[in-house]
Amino acid sequence: MFRNYGFLEVVFYNTVFSISFASIVALGGVFAKDNFHIKYFEITLLFSLFFISSLIARLVLLHLTKKGSIKNKTKILNISIMISGVSFVLMSLSGNLYLYAFSLILLGIPHALIFPIGTMRISEVVGIKDMVAANTIYQSNFDIGGIIGPFLLSYVGEIYSIRFVFEIIAVFLFLAFIAGKIMERQKAK
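Overview of the structure. (Residues numbered from 1 in each chain as written. Predicted model: local features only at pLDDT ≥ 70, side-chain atom pairs only at ≥ 80, totals over all residues. Heavy atoms only, no water.)

Section: a nonpolar patch on the surface
Stage number 1. Where nonpolar side chains cluster on the molecular surface, the patch consists of Ile144, Ile147, Ile148, Phe151 and Leu152 and spans about 530 Å² of accessible area.
Stage number 2. Checked against the element boundaries, Ile147 lands in helix 5 (residues 131-159). (Patch = residues over 30% accessible without salt bridge, like charges linked within 9 Å, V, L, I, M, F, W, Y side chains within 5 Å. Areas by Shrake-Rupley, 256 points an atom, 1.4 Å probe, with all protein chains shown as cover. Salt bridge = Lys/Arg side-chain N within 4 Å of Asp/Glu carboxyl O. Helix = DSSP H or I, 4+ residues; strand = E, 2+ residues; numbered from the N terminus.)

Okay, here's the thing in C-alpha cells:
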C-alpha cells in the first residue's frame with residue numbers, strides 16, 4: 001500500500017485537512033471568546049454553523065454520487081484544500097463575528113468532502129484484499145494529524161497568537177494545494 005501512489009495521494013489530502021480541522025476545533029472557540037467576547041453558548045452556535053454546512057455539503061455529495069456525477073476525485077480533494085485555505089485566511093482577517101462565522105461555514109464544505117471522497121478514491125486505487133488495512137491506515141492517519149496539529153500549533157498560539165496560527169495554517173494549506181496540483185500533473189504524464 002505504501003508504494004501505491006493513489007493511496008499515498010489520498011493520505012496526503014487527509015493529513016493536510018486533519019491538521020487544520022483539529023486545530024480549528026482546539027483553538028477556534030478560544031479565538032472567538034478572546035476576540036469577540038461571546039458566551040460559550042454562542043461559541044457552540046458558531047460550531048453548529050460549521051457542522052450544518054458540512055451536513056448540507058454531504059447531502060449534496062450524496063445526491064451527486066447517486067447520479068454518478070463524481071468523476072475527478074483528486075481534483076475535488078485539491079479544491080477542498082483550497083477552500084480550507086481561503087477559510088483560514090478569512091479567519092485570520094476576521095474583525096467581526098460575522099466574517100468569522102462565514103469562514104466556519106466555508107470550512108464545513110471541505111470537512112464534508114475530504115473524508116468520503118478519499119474513501120471513494122481508496123476503493124478505486126486499492127485492491128480488495130488490502131481495503132480494510134487501507135481504510136484503517138486512512139482513519140488512523142486522520143487521528144494522528146488531529147493530535148500533531150493542535151499540539152504544535154497551540155504552543156505557537158501561546159507564544160504569538162491564535163490569529164498567527166490561522167495564518168500559518170492558511171500558508172500550509174496553500175502550499176498543500178500547490179503540491180496537489182503538482183501531483184495531478186505528475187499523474188497525468
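With respect to the packing of helix 2 (residues 40-67) against helix 4 (residues 97-125)
Stage number 1. The interhelical angle for the contact between helix 2 and helix 4, taken along N-to-C directions, is 40 degrees, at an axis separation of 7 Å. The angle between the axes of helix 2 and helix 4 places the two elements in the oblique class. In the crossing of helix 2 with helix 4, the sense of the turn from one axis to the other is right-handed.
Stage number 2. By residue class, the composition of the contact of helix 2 with helix 4 is 20 nonpolar, five polar and one charged. (Axes fitted to C-alpha atoms, helices over the stretch in contact; angles between N-to-C directions. Parallel < 35°, antiparallel > 145°, perpendicular 65-115°, else oblique. Left-handed = near helix turned anticlockwise from the far one by under 90°. Nonpolar A, V, L, I, M, F, W, Y, C, P; charged D, E, K, R; others polar.)

Side note on the packing of aromatic side chains
Stage number 1. Summed over the entire model, instances satisfying the criterion amount to 13 aromatic pairs.
Stage number 2. Measuring from centroid to centroid gives 5.9 Å for Phe21 and Phe50, while their planes differ by 20 degrees, and the two rings are stacked. With Phe21 in helix 1 (residues 5-36) and Phe50 in helix 2, this residue pair connects regions lying 29 residues apart in the sequence. The same class applies to Phe21 and to Phe50, which are both buried.
Stage number 3. One aromatic cluster in this structure is built from Phe17, Phe21, Phe50, Phe51, Phe115, Tyr138 and Phe142.
Stage number 4. Here the guanidinium or amino end of Lys33 rests over the ring plane of Tyr40, the centre of that ring lying 4.8 Å away. (Phe/Tyr/Trp six-rings, centres within 6.5 Å; stacked < 30°, edge-to-face > 60°. Buried < 20%, exposed > 50% of the residue type's maximum accessible area, 1.4 Å probe, protein only. Lys NZ or Arg CZ within 6 Å of the ring centre and 35° of its normal.)

Considerations on the nonpolar core
Stage number 1. Within the largest apolar cluster, 39 residues are counted, with the highest numbers of intra-cluster contacts made by Ile24, Ile81, Phe88, Met91, Tyr100, Leu104 and Phe166.
Stage number 2. If you tally residues by element for this core, the top one is helix 1, at ten residues.
Stage number 3. Apart from residues no more than four positions distant in its own chain, Met91 is found in contact with Ile24, Phe31, Tyr100, Ser103, Leu104, Leu107, Arg163 and Phe166.
Stage number 4. Listed in part, the eight residues of the second largest apolar core include Val10, Val11, Ile122 and Met131. (Core = buried A, V, L, I, M, F, W, Y, C linked by side-chain atoms within 4.5 Å. Contact = heavy atoms within 4.5 Å.)

With respect to the side chain of Ser53
Stage number 1. When you line up the elements, Ser53 lands in helix 2.
Stage number 2. A relative accessible area of 9% places Ser53 in the buried class.
Stage number 3. Residues contacting Ser53, with those up to four places away along its chain left out, are Ile105, Gly108 and Ile109.

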